[in-house]
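The lines below spell out each chain.
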Amino acid sequence: MMLAMTGCSKVPDHVIPEDDMARVMADIHMAETVIESNYASYPTDSAKMLLKQSVLARHGYDLQALDTSLVWYGAYLEVYRDVYDRTIKLLEKDLEDAGLTELERHRAENDGDSVDIWDGSRFLLIKKTTPSKFITYSYDANEDWTAGDMFTLRAKFTNANDNLTWTIMADYDDNSIELYNTRFSGDGWHETTFITDSLKNPKRIYGSMYMDVLHGAMLVDSIEFIRKPKVDRYYSQRYRQRAYSNVRRSEPKNPEPVDSIESSELPADSIAIQKQ
């Protein structure tokens, strides 16, 4: 009955229609790109919010209408995926009209031979009642992988008010293991980068995303896992990662932040991730 009353639209009256939503999301994406490229012009959260409100006002909507619509679309992911496909097409056309030939050109110019290897769902809806808050992934190395490759996991979050934990791990050909944990919270884009050892060949990259909510629903979209060749100026950031050599399944010890350890054990939480 609802579909009959609303014609071709699949959404109720209080939700931003699909075509409008796609256009709004495309413009918000562009606004966020402007913010990321011009931090000095948008130094505060209020300045960023004002730009977002301006984008919405241009289309005759406000933040409440956007939040209400995102909650509804989050409950109907098939409709949301269709809207997001339209958003991508709009962004591609906007970039083409601006003199660019494809959506990935900016990334290609800045990231060189980067490749998105993510093969899971790019859209997630996390509720308090969701059976598992762990999203796991695993990728075996192929002939394109090289020592020192960088892997960046990124996604955009809505209603992410609680602590989130991402873990990235690597198995090497000498049976050593490395891991890196990142914790963050808040809406918008988040990312973390894992840098493989330049003296070892990675056999597998794997890990998990733990995403819990205390109330409502959290929407995660545009998930990417980008592999790119070694960049020397970033390699020093490997100090954040933990390395374990001669891994044995016994009581864990405190790891040391070095590339190679002669004899250490893997922490219990990491063993659980590896088994998954």
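Model, not experiment: these values are computed from the prediction.

A.B. asks: So what's going on with the overall build of the protein chain? Residues and values would help.
C.D. replies: Looking only at helices and strands, one finds 7 helices and 10 strands in the protein chain. The buried share of the protein chain, reckoned over its 276 residues, is 43%. Counted over contacts in the protein chain with a minimum sequence separation of 6, partners at least 24 positions apart contribute 73%. Carbon together with sulfur atoms contributes 51% to the accessible area of the protein chain, which is approximately 15100 Å² in total.

A.B. asks: How would you sum up the sheet that holds strand β3 (residues 134–140)? Please name residues and give values.
C.D. replies: Strand order in the open sheet made by the 5 strands is β3-β8-β5-β6-β10, with antiparallel pairing throughout. Every other strand in the sheet has two partners, leaving β3 and β10 (242–244) as the edge strands with one partner each. Ignoring which end each strand starts from, the neighbouring axes of this sheet average 15 degrees apart. Of the pairings in the sheet, the one linking strand β6 (residues 177–184) to β10 comprises 3 bridges and is antiparallel in character. Bridging across to β10, Glu178 finds its partner in Ala243.

A.B. asks: Let's hear about the pattern of salt bridges: which residues, and what values?
C.D. replies: In this structure the tally under the stated criterion is 14 salt bridges. The residue Asp19 makes a salt bridge to Arg86 at a minimum N-O spacing of 2.3 Å. A residue pair is termed long-range when its members are at least 10 positions apart, and Asp19 in helix α2 (residues 18–37) and Arg86 in helix α5 (residues 77–97) qualify at 67 residues. A residue is classified by how much of its surface remains accessible, and Asp19, at 53% relative accessible area, is exposed. When the shortest N-O distance is used, the salt bridge between Arg86 and Asp82 registers 2.8 Å. Of this pair, Arg86 and Asp82 both sit in helix α5, 4 residues apart, roughly one helical turn.

A.B. asks: Break down helix α3 (residues 45–58) for me, with residues and values.
C.D. replies: For α3, built from 14 residues, the straight-helix expectation of 20 Å at 1.5 Å per residue is met to within 8% by its first-to-last C-alpha distance of 20 Å. For α3, the full list of buried residues reads Leu51, Val55 and Leu56. Each buried residue of α3 sits inside an arc of 140 degrees when the element is viewed along its axis, so together they form one side. Opposite its buried face, α3 presents the exposed residues Ser46, Leu50 and Ala57, each directed more than 90 degrees away.

A.B. asks: So what's going on with the pairing of strand β2 (residues 124–127)? Residues and values would help.
C.D. replies: Taking every second residue as pointing to the same face, the buried face of β2 carries Leu124 and Ile126, while none of Leu125 and Lys127 on the other face is buried. Strand direction decides the pairing type here: β2 and strand β9 (residues 217–228), joined by 4 bridges, are antiparallel. Residue pairing in the sheet places Leu124 in a bridge with Val220 of β9.

A.B. asks: I'd love a proper account of the environment of Asp144, names of residues and values included.
C.D. replies: Summarising the element assignment, Asp144 is placed in the loop between β3 and β4 (150–158). Judged by its relative accessible area of 47%, Asp144 falls in the partly exposed class. Residues Asp144 and Pro229, 85 residues apart in the sequence, show an inter-C-alpha distance of 9.6 Å.

A.B. asks: Got a sec to walk through the pairing of β3? Specific residues and values, please.
C.D. replies: Consecutive side chains along a regular strand alternate between the two faces of the sheet. On β3, burial follows the alternation: Ile135, Tyr137 and Tyr139 on one face are buried, whereas Phe134, Thr136, Ser138 and Asp140 on the facing-out side are not. One ladder, built from 7 bridges, connects β3 with strand β8 (residues 202–211); its direction is antiparallel. Among the inter-strand pairings, Thr136 is bridged to a residue of β8, identified as Ser208.

A.B. asks: Can you tell me about unusual backbone geometry, naming the residues and giving the values?
C.D. replies: Located in the positive-phi region is Asn175, a residue other than glycine, with phi close to 70 degrees. Inspection of the secondary structure puts Asn175 in the loop between β5 (164–172) and β6. On the basis of relative accessibility, which here comes to 54%, the residue Asn175 falls in the exposed class. One non-glycine residue, Ser222, lies in the positive phi region at around 60 degrees. Considering the arrangement of structural elements, one finds Ser222 in strand β9.

A.B. asks: Describe helix α4 (residues 63–75), with residues and values.
C.D. replies: Between its first and last C-alpha atoms α4 spans 19 Å; for 13 residues at 1.5 Å apiece the expected length is 18 Å, and the two agree. Three or more residues of α4 are buried, namely Leu66, Ser69, Leu70, Trp72, Tyr73 and Gly74. Its side-chain oxygen placed 3.3 Å from the backbone nitrogen of Gln64, Asp62 serves as the N-cap of α4.

Rules used in this analysis
Residues numbered from 1 in each chain as written. Predicted model: local features only at pLDDT ≥ 70, side-chain atom pairs only at ≥ 80, totals over all residues. Heavy atoms only, no water. Helix = DSSP H or I, 4+ residues; strand = E, 2+ residues; numbered from the N terminus. Buried < 20%, exposed > 50% of the residue type's maximum accessible area, 1.4 Å probe, protein only. Contact = heavy atoms within 4.5 Å. Areas by Shrake-Rupley, 256 points an atom, 1.4 Å probe, with all protein chains shown as cover. Pairing = 2+ DSSP bridges. Axes fitted to C-alpha atoms, helices over the stretch in contact; angles between N-to-C directions. Salt bridge = Lys/Arg side-chain N within 4 Å of Asp/Glu carboxyl O. Expected span 1.5 Å × (residues − 1). Arc of directions from axis to C-beta. Polar contact = N/O pair within 3.5 Å; in protein donor to acceptor, adjacent residues only side chain to side chain.

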